Amino acid sequence: MFLKTNKMIIGSDHGGVELKTHLIKFLEAKGIVVEDAGCHGTASVDYPEYGAKVAKAVVAGKAEAGIVICGTGIGISIAANRVKGARASLCHNTTYAKLTRQHNDSNILALGGRFVSFNEAEAIVQTWLSTEYEGGRHQNRVDLLDTVA
Ligand code: RB5
């Protein structure tokens with residue numbers, strides 16, 4: 001587990017709220033403290049608000065890692081990645097989850113609530129949390145993410 005203090009934050013729009021509720025229980029059962037950044041119902045809301053909220057908390061160090069979920073995972077990952085220092089990775093399978101931790105030092109996992117099952121999401125989250133960043137040849141590229149744009 002790459003978390004050192006087991007503090008995470010998770011946010012979604014209405015397209016991801018059911019998966020968010022499920023994953024909060026999944027993470028809490030592992031002893032992880034999870035802040036729920038909303039949304040809190042199935043009424044239509046705007047994913048940029050929640051992506052930005054999670055990303056700002058992670059970049060500020062208020063949480064060590066974040067999860068963002070919308071219907072596809074695309075909009076909310078775009079929103080999270082607008083925050084400098086955020087490295088949000090949209091993962092549809094465990095291979096992507098493993099590689100984005102190893103190569104990108106991903107600090108936010110993005111999921112598509114309408115495209116992964118609860119079981120698939122659990123496996124993706126588990127892999128993402130249990131894979132360490134490799135550093136080395138990847139570090140310069142990770143550093144460039146915050147300077148080239
Ligand atoms: C909301 O209907 C939907 O657009 C949103 O959840 C997400 O898929 C956007 O990328």
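Our subject is the structure that appears above.
Residues numbered from 1 in each chain as written. Predicted model: local features only at pLDDT ≥ 70, side-chain atom pairs only at ≥ 80, totals over all residues. Heavy atoms only, no water.

(A) How the structure looks around unusual backbone geometry. The omega torsion across Gly38 and Cys39 is 0°, close enough to zero to call that bond cis. As for its placement among the helices and strands, Cys39 is situated in the loop between strand S2 (33–36) and helix H2 (47–59). In the Ramachandran plot, Asn6 falls in the positive-phi region, its phi being about 60° despite a non-glycine side chain. By the element assignment, Asn6 lies in the segment before strand S1 (7–12). In the Ramachandran plot, Asp105 falls in the positive-phi region, its phi being about 50° despite a non-glycine side chain. (Helix = DSSP H or I, 4+ residues; strand = E, 2+ residues; numbered from the N terminus.)

(B) The arrangement of the pairing of strand S5 (residues 108–112) in detail. With five of five residues buried, S5 is to be regarded as a mostly interior element. Of the two faces of S5, both are covered, the one formed by Ile108, Ala110 and Gly112 as well as the one formed by Leu109 and Leu111. Inspection of the sheet shows strand S4 (residues 88–90) paired to S5 by three bridges, in the parallel sense. Paired with Leu90 across the two strands is Ala110, which belongs to S5. The parallel pair S4 and S5, bridged by helix H4 (residues 94–104), forms a crossover whose chirality is right-handed. (Buried < 20%, exposed > 50% of the residue type's maximum accessible area, 1.4 Å probe, protein only. Pairing = 2+ DSSP bridges. Right-handed = clockwise from strand over helix to strand, strands pointing away.)

(C) Seen up close, the site of the ligand. Lining the immediate environment of the ligand, one finds Asp13, His14, Tyr47, Cys70, Gly71, Thr72, Gly75 and Arg114. Within the contact set of the ligand, an oxygen atom lies 2.6 Å away from a side-chain nitrogen or oxygen of Asp13. Within the complex, the protein chains bury 70% of what would otherwise be the 290 Å² of accessible surface of the ligand. Of the residues assigned to the shell around the ligand, the class counts are two nonpolar, four polar and two charged. (Near = heavy atom within 4 Å. Polar contact = N/O pair within 3.5 Å; in protein donor to acceptor, adjacent residues only side chain to side chain. Areas by Shrake-Rupley, 256 points an atom, 1.4 Å probe, with all protein chains shown as cover. Nonpolar A, V, L, I, M, F, W, Y, C, P; charged D, E, K, R; others polar.)

(D) Layout of the packing of aromatic side chains. Tallied over the full model, the rule gives one aromatic pair. Note on Phe2 and Trp128: the rings are 5.3 Å apart at their centroids and 85° apart in plane angle, and the pair reads as edge-to-face. Remark: Trp128 occurs in helix H5 (residues 118–130) and Phe2 occurs in the segment before S1; sequence separation between them is 126 residues. Trp128 shares its class with Phe2; the two are buried. The ring of Phe2 has Arg101 sitting right over it, with the charged end atom 3.6 Å from the ring centre. (Phe/Tyr/Trp six-rings, centres within 6.5 Å; stacked < 30°, edge-to-face > 60°. Lys NZ or Arg CZ within 6 Å of the ring centre and 35° of its normal.)

(E) Spotlight on helix H1 (residues 17–28). An ideal rise of 1.5 Å per residue puts 16 Å on 12 residues; H1 measures up with 16 Å between its terminal C-alpha atoms. Those residues of H1 lying buried are Val17, Leu19, Lys20, Leu23, Ile24, Phe26 and Leu27. As for H1, its buried residues are in contact with S1, S2, strand S3 (65–70), S5 and H5. (Expected span 1.5 Å × (residues − 1). Contact = heavy atoms within 4.5 Å.)

(F) Looking closely at the pattern of salt bridges. Inspection of every chain in the model, using the stated rule, returns four salt bridges. When the shortest N-O distance is used, the salt bridge between Glu35 and Lys7 registers 3.6 Å. Highlighted residues: Glu35 in strand S2 and Lys7 in strand S1, separated in sequence by 28 residues. Its relative accessible area of 25% is what places Lys7 among the partly exposed residues. With a shortest N-O distance of 2.8 Å, Asp36 and Lys20 are connected by a salt bridge. Within this pair, whereas Asp36 is found in strand S2, its partner Lys20 is found in helix H1, the two being separated by 16 residues in sequence. Via salt bridges that share partners, Arg87, Arg101 and Asp105 belong to a single interconnected network. (Salt bridge = Lys/Arg side-chain N within 4 Å of Asp/Glu carboxyl O.)

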